[in-house]
Amino acid sequence: MFSTSYIEISKSALEHNIRYLRERIGEKAVFSSVIKGNAYGHGIEQFPPLVEKCGISHFSVFDADEARRAEKCKSPDSHVMIMGSIDHEEVEWAVEHDVSFFVFQMDRLQAAARAAEKLGKKARIHIHLETGFHRFGFESEQLDEVVDFLLKNKKKFVIEGICTHYAGAESISNHVRVKRQIVDFSEQLMRLKDKGLEPKLRHTACSAAVFNYPETIMDMVRVGIAQYGLWPSRETRMRVLKNQLNGNGGGEKGIEDPLKRIISWKSKVMNIKQVDAGEFVGYGTAYLTSRPEKFAGIPVGYAHGFSRSLSNIGQVLIKGRRARVVGYVNMNAMMVDITDIPDAKPGDEVVMIGKQGNDEVTLSSFSEMSNYLNYELLTRLPEEIPRFIR
Ligand SMILES: *Cc1c(COP(=O)(O)O)cnc(C)c1O
């Protein structure tokens, strides 16, 4: 395959993250690895087998298409769960393949019953409760109808889980709202229990909730961003590091980041240009040379996921040194300043995300510069970029 850049996934960093998260979560709860959004840009085909080697056998995706892709590369013993979108026609596919899915509308529940009837096989469902996110989830007024339907159609369902999702567990500014959700969830759970509905798995926690509200861990967690070695927010990272520091009496090791980024993104220098002082570089007037300067052309642009908002701001590594983006990031290319890296030459490795020599471009510094969250930046890395396991 021809590509102007490539992505590396570090197996050892992933193992480290999973081990650390397992410690936080405890041995009992099921660890569901969230692999929506092309496994947060890491590659939905490449990622599941790696996580399976770390002892994980449960995957969460957003829609039926992602489920289909995950089904193809996971081991037969692993399970896939759809948290969001699934059409009525896809419900049948899911039941047939033992894929579980969230239900938060009566018509989906009815479609599941029809599929189960037709296939002679139980639909594995998770009842998603509205607790204050106000996006998906059955309203509490609907629950009587839901329970009636489930009790009448007992043979068609495995009620695998009851779940909800928090509206911003990564920030203290949502504390009151999240706390209210936690209480609301447990109240609704009791109500359902009284009516004779008991799920195998109660699950509510995403990465941020695991760190900030450990009481939400329950029977299963749905962890995305943290397994990739990134924090759901800077605030969460600071809180965890601070507690770690206090716990260790503030020793040197106390401030080591317990999560390790597993993705690197690299390319090569395409060409080199020498430009006199007082010349504009690239489209328009975005960059003017103030001295004789030397630039490297990199065959990576915003079509490849390198945001245009990093124009004149972004940095890459060449020969272990930082080179700043000059002018606009183009669709397929950008120029970087190598005036102070005189030995750089075509073919040299360029690191957009990752380590080179003693320096590193981290995703968080990268996303702060471009006003993206880690999540958005990662999922914008095109699927076509080849991914390699290291
Ligand atoms: C994306 C998602 C998660 C995982 O969130 P992270 O912050 O990446 O851990 C969990 N639950 C639901 C419903 C999600 O959509």
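Calculation notes
- Residues numbered from 1 in each chain as written.
- Predicted model: local features only at pLDDT ≥ 70, side-chain atom pairs only at ≥ 80, totals over all residues.
- Heavy atoms only, no water.
- Phe/Tyr/Trp six-rings, centres within 6.5 Å; stacked < 30°, edge-to-face > 60°.
- Helix = DSSP H or I, 4+ residues; strand = E, 2+ residues; numbered from the N terminus.
- Buried < 20%, exposed > 50% of the residue type's maximum accessible area, 1.4 Å probe, protein only.
- Lys NZ or Arg CZ within 6 Å of the ring centre and 35° of its normal.
- Domains from an automatic or database assignment.
- Near = heavy atom within 4 Å.
- Polar contact = N/O pair within 3.5 Å; in protein donor to acceptor, adjacent residues only side chain to side chain.
- Areas by Shrake-Rupley, 256 points an atom, 1.4 Å probe, with all protein chains shown as cover.
- Nonpolar A, V, L, I, M, F, W, Y, C, P; charged D, E, K, R; others polar.
- 1 Å grid on protein atoms, 1.4 Å probe; cavity = no way out; pocket = protein on both sides within 12 Å on 5 of 7 lines; lining within 4 Å.
- Points joined across faces, edges and corners; volume = space filled by probe spheres on them.
- Salt bridge = Lys/Arg side-chain N within 4 Å of Asp/Glu carboxyl O.

Chemist: Quick one: what's the story with the packing of aromatic side chains, residue by residue and with numbers?
Modeler: In total, this model carries ten aromatic pairs according to the counting rule given. On the basis of an interplanar angle of 70 degrees and a centroid distance of 5.9 Å, the ring pair of Tyr 6 and Phe 388 is categorised as edge-to-face. One end of the pair, Tyr 6, is in strand β1 (residues 5-9); the other, Phe 388, is in strand β18 (residues 387-389), and 382 residues separate them in sequence. Aromatic side chains Tyr 40 and Tyr 375 sit 6.0 Å apart centroid to centroid with 45 degrees between the ring planes, which places their arrangement in the tilted category. Highlighted residues: Tyr 40 in helix α2 (residues 36-40) and Tyr 375 in helix α12 (residues 374-379), separated in sequence by 335 residues. A relative accessible area of 30% means that Tyr 375 is categorised as partly exposed. Within the aromatic cluster, the residues linked to one another by ring pairs are Tyr 40, Phe 47, Tyr 228 and Tyr 375. Seen from the ring of Trp 93, Arg 68 lies directly overhead, with NZ or CZ sitting 5.1 Å from the centre. A cation sits over an aromatic face here: Arg 108 above Phe 104, 4.5 Å from the ring centre.

Chemist: So what's going on with the domain arrangement of the chain? Which residues, and what values?
Modeler: Partitioning the chain into structural domains gives domain 1 (11-255) and domain 2 (263-361). Using C-alpha coordinates to define each centre, domain 1 is positioned 40 Å away from domain 2.

Chemist: Report on the site of the ligand, specifying residues and quantitative values.
Modeler: In the vicinity of the ligand, the residues found are Val 34, Lys 36, Tyr 40, Met 83, His 165, Cys 206, Ser 207, Arg 222, Val 223, Gly 224, Ile 225 and Tyr 375. For the ligand, an oxygen atom lies 2.9 Å from a polar atom in the backbone of Gly 224. One of the side-chain N or O atoms of Tyr 375 is found 2.8 Å from an oxygen atom in the ligand. When isolated, the ligand has an accessible area of 390 Å², and the protein chains bury 91% of it. Taken together, the residues of the shell around the ligand sort by class into seven nonpolar, three polar and two charged.

Chemist: Help me get a handle on empty space enclosed by the protein, residues and values and all.
Modeler: Over the atoms a probe the size of a water molecule is rolled, and this reveals where empty space is left. This model, assessed by the stated rule, comprises one cavity of 30 Å³ or more. Of the residues in the lining of the largest cavity, the class split is three nonpolar, four polar and two charged.

Chemist: Tell me about the pattern of salt bridges, and please be specific about residues and values.
Modeler: Inspection of every chain in the model, using the stated rule, returns 25 salt bridges. Of the charged contacts in the structure, one is a salt bridge between Glu 160 and Arg 124, with a shortest N-O distance of 2.9 Å. Linking Glu 160 in strand β7 (residues 157-163) with Arg 124 in strand β6 (residues 123-128), this pair joins segments that are 36 residues apart in sequence. Classification of Glu 160 as buried rests on a relative accessible area of 4%. Residue Arg 124 is classed as partly exposed on the basis of its relative accessible area of 22%. Asp 359 is paired through a salt bridge with Arg 322; the nearest N and O atoms lie 2.9 Å apart. Here Arg 322 lies in strand β14 (residues 321-326) and Asp 359 lies in strand β17 (residues 359-361), a separation of 37 residues in the sequence. Among the charged side chains, a salt-bridge network with shared partners connects Asp 98, Lys 121, Arg 124, Glu 160 and Lys 200.

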